[in-house]
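Notes for the structure review
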Amino acid sequence: MRPILQKLYEKYPELQEACSADIDAAFEVLRASFESGGKLLLCGNGGSAADCEHIVGELMKGFMYRRQVPADYSSRLAAEYGDQGEYIAKHLQGALPAIALVSHTALATAFANDVAADLIFAQQVYGYGKPGDVLLGISTSGNSANVLHAVRVAKTLGMKTIALTGRTGGQMNGLCDVAIRAPWDQTPDIQERHLPIYHALCILLEEAFFTS
């Protein structure tokens, strides 16, 4: 077992039996997507919206490791822009492309007002998504209508879908390709377990792409 997962299950032993197979499956879906040039889209409501932005923060920059950009890219920056290029190359970090759909305030409010509030995530997935990408929908109930609509659009586009949800998984359990179901029923309890789960996934991905 990978050390980060061993640590996760030592701290949260209830997750091993309930979630370990799905955590492994989610990692493989994400790894395959990033490896083939895909990206991750994320959506959720309330605290789950904040989790979407948190995940993007861990994937788009160094988390546990210093992610140096490739030497050939650094050399090209320096050759083209001199000292400024060297400064940029020194501070850029390797990124796994991820977009929190919850962050687009102007689009979200315009679409909610002009079209349909429960389809904003679906509209964003339709605009951004392509085959090989992944949608991560976070919903403690598994029944958030706007997240479910986004999943339906993603699957029709040929994207993979992952749910991060609670004990039953709600409708997302049967709809998504992978459903990680934290074995709790109350929203605060579920969200408290979501954080260490996605931290572990982010560390696994960082190790896969940015360490030798």
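Residues numbered from 1 in each chain as written. Predicted model: local features only at pLDDT ≥ 70, side-chain atom pairs only at ≥ 80, totals over all residues. Heavy atoms only, no water.

1. Some thoughts on the nonpolar core
Formed by 36 residues in total, the largest nonpolar core has its most connected members in Ile 23, Leu 40, Leu 59 and Ile 180. The contacts of Ile 180, once residues within four sequence positions are left out, are Cys 19, Asp 22, Ile 23, Ala 26, Ala 163, Leu 164, Thr 165, Ile 197 and Leu 201. Core analysis: the second largest hydrophobic core is formed by 18 residues, Ile 120, Val 125, Ala 150 and Ala 179 among them. (Core = buried A, V, L, I, M, F, W, Y, C linked by side-chain atoms within 4.5 Å. Buried < 20%, exposed > 50% of the residue type's maximum accessible area, 1.4 Å probe, protein only. Contact = heavy atoms within 4.5 Å.)

2. A few points about a nonpolar patch on the surface
A contiguous nonpolar patch, built from Tyr 73, Tyr 87, Ile 88 and Leu 92 and spanning about 360 Å² of accessible area, is present on the exposed surface. For Ile 88, the location among the structural elements is in helix α4 (residues 71-91). A relative accessible area of 35% means that Ile 88 is categorised as partly exposed. (Patch = residues over 30% accessible without salt bridge, like charges linked within 9 Å, V, L, I, M, F, W, Y side chains within 5 Å. Areas by Shrake-Rupley, 256 points an atom, 1.4 Å probe, with all protein chains shown as cover. Salt bridge = Lys/Arg side-chain N within 4 Å of Asp/Glu carboxyl O. Helix = DSSP H or I, 4+ residues; strand = E, 2+ residues; numbered from the N terminus.)

3. Topic: the sheet that holds strand β3 (residues 134-138)
Taken in spatial order, the five strands of this open sheet run β2-β1-β3-β4-β5, and their pairing is parallel. Sheet topology places β2 (98-100) and β5 (178-181) at the edges, where each strand pairs with a single neighbour. Strand-to-strand twist across the sheet, computed as the mean angle between neighbouring axes with direction ignored, equals 15°. Bridge count between β3 and strand β4 (residues 160-165): five bridges; the pairing is parallel. (Pairing = 2+ DSSP bridges. Axes fitted to C-alpha atoms, helices over the stretch in contact; angles between N-to-C directions.)

4. Overview of the pairing of β4
Most of β4 sits inside the fold, with five of its six residues counted as buried. The β-α-β motif built from β3, the intervening helix α7 (residues 145-157) and the parallel element β4 has right-handed crossover chirality. As paired strands, β4 and β5 are joined by four bridges and run parallel to one another. Bridge assignment links Ile 162 to a residue of β5, and that residue is Val 178. (Right-handed = clockwise from strand over helix to strand, strands pointing away.)

5. Points about the pattern of salt bridges
By the definition in use, this model includes nine salt bridges. Between Lys 39 and Asp 133 there is a salt bridge, and its shortest N-O distance comes to 2.7 Å. Linking Lys 39 in the loop between α2 (13-35) and β1 (40-44) with Asp 133 in the loop between α6 (120-128) and β3, this pair joins segments that are 94 residues apart in sequence. Asp 133 carries the same exposure label as Lys 39, and that label is buried. Glu 192 serves as the salt-bridge partner of Arg 193, at 3.3 Å between the closest nitrogen and oxygen. Each of Glu 14, Glu 192 and Arg 193 takes part in one network of salt bridges that share partners.

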